[in-house]
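Listed below, chain by chain, are the residues.
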Amino acid sequence: MRLRAPEAHRSNAVHAGAWWLWALGLAVAASRTTNPLLLGLVVGVAGYVVAARRTDAPWARSYGAFLKLGLAVLVVRVLFSTLLGSPLPGTHVLVTLPEVPLPEWARGVRIGGRVTAEQLVFALYDGAKLAAMLVCVGAANALADPARLLKSLPGALYEAGVAVVVAMTFAPNLVADVARLRTARRLRGRPTGGVRAVLGIGLPVLEGALERSVAVAASMDARGYGRTAAVPPAVRHTTTALTLGGLLGVCAGTYGLLAVEGAGYGVPLLAGGVLAALAGLWLGGRRTPRTRYRPDRWGPRTWLVAGSGIAVAALVVWASAGPAGEALRPGVTPLEAPRLPLPPALAVLVGLLPAFVAPVPKDR
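Residues numbered from 1 in each chain as written. Predicted model: local features only at pLDDT ≥ 70, side-chain atom pairs only at ≥ 80, totals over all residues. Heavy atoms only, no water.

Caption draft 1: Expanded view of the overall build of the chain. In terms of helices and strands, the chain carries 13 helices and 2 strands. Looking at the chain as a whole, 37% of its 364 residues are labelled buried. Partitioning the contacts of the chain with sequence separation of at least 6, the portion at a separation of at least 24 is 78%. Accessible surface, the chain as shown: approximately 20600 Å² in total, 69% of it carbon and sulfur. (Helix = DSSP H or I, 4+ residues; strand = E, 2+ residues; numbered from the N terminus. Buried < 20%, exposed > 50% of the residue type's maximum accessible area, 1.4 Å probe, protein only. Contact = heavy atoms within 4.5 Å. Areas by Shrake-Rupley, 256 points an atom, 1.4 Å probe, with all protein chains shown as cover.)

Caption draft 2: Quick look at the environment of serine 308. Relative to the assigned elements, serine 308 resides in helix H10 (residues 300-320). Under the relative-accessibility criterion, serine 308 is labelled buried at 2%. Each C-alpha atom of the pair serine 308 and leucine 21 lies 8.8 Å from the other, and the pair is 287 residues apart in sequence. When near neighbours in sequence (up to four residues on either side) are disregarded, serine 308 contacts Trp22, Val350, Leu353 and Pro354.

Caption draft 3: Examining the packing of aromatic side chains more closely. Summed over all chains, the structure comprises 2 aromatic pairs. Between tryptophan 19 and tryptophan 22, the ring centres sit 5.8 Å apart and the planes meet at 85 degrees, which makes this aromatic pair edge-to-face. Taken together, the positions of tryptophan 19 and tryptophan 22, both in helix H1 (residues 16-31) and 3 residues apart, correspond to about one turn of that helix. Take tryptophan 19: its relative accessible area is 5%, and that puts it in the buried class. Classification of tryptophan 22 as buried rests on a relative accessible area of 0%. Where tyrosine 48 meets phenylalanine 356, the ring centres are 6.4 Å apart and the plane angle is 35 degrees; that geometry is what we call tilted. One end of the pair, tyrosine 48, is in helix H2 (residues 36-53); the other, phenylalanine 356, is in helix H13 (residues 354-357), with 308 residues separating them in the sequence. Residue classification places tyrosine 48 among the partly exposed residues on the basis of a relative accessible area of 44%. By relative accessible area, which is 52% here, phenylalanine 356 ends up exposed. (Phe/Tyr/Trp six-rings, centres within 6.5 Å; stacked < 30°, edge-to-face > 60°.)

Below you can see the structure in the form of structure tokens.
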């Protein structure tokens, strides 16, 4: 008997916050390594889940744009290292570029000069890490419905959440508009490349963005956006202290998790900061009264999706402090071939769980 996830509908759809937790877990795993094999595995896991569970909604088409953005970041990082040099010592000189003489006050900065294999490999590893993290963010954008994510935010974050959601939907809508206009020009027999085509596509895209902005502003005003209720001063001061203290704890804990030496104090600070911030947000929600129509529920499959991302992050962070830590950061001086460490690789593969437990979209 073949086991298959149920078809997605309104009552069993995965919570948008779970998709973001899953993607952020993969991003944390990518931030702990510069091993290109492991980073490629992270990108592959994210891409497989997106291919298996994304819908035909406009925001679901943004994944390809994030892939191209990650590739552009990688190319720019290598290009900057080639032109501006690197303080990394290297013995394998590939080419020597003409060096531009700079004034005395610019000592320590050079343009051109020798390009070594060590500095290019280091730039490639560093750019691949950032590109993999961008791809994970793109996976969250492709899988999570921004409108449903906004509905789940606490009242204290509603106004900021609206601004964030509008910003998040800008890129997917822009990609959809460009694809639609290019298809229309192709059907009319007009070119889709070149300067004239860019002008012919760019103006309608900007016009559509302006029309959406006016429509969003009108709908926000009709729903009473920005209206607040009166609360006692003591509640406001307590809310401010808890929220700011919690956010500082979250920032310090996140830095500890991302830093190589901070895994010990990062988790307690992050947990304490999250609890304090949640308490502050709960109190702050009293200032923004809101009602929710058919709120999204966290079912068992939603918890599995979120838990898989958290498990990937926790296991890779734990592995980075163990014997496999050296393999997560392959050396470049001297150059050595990267190898795929088995425990972190198996941890990353846990991120494939949503492709099997999340409900299948109706168009699949």
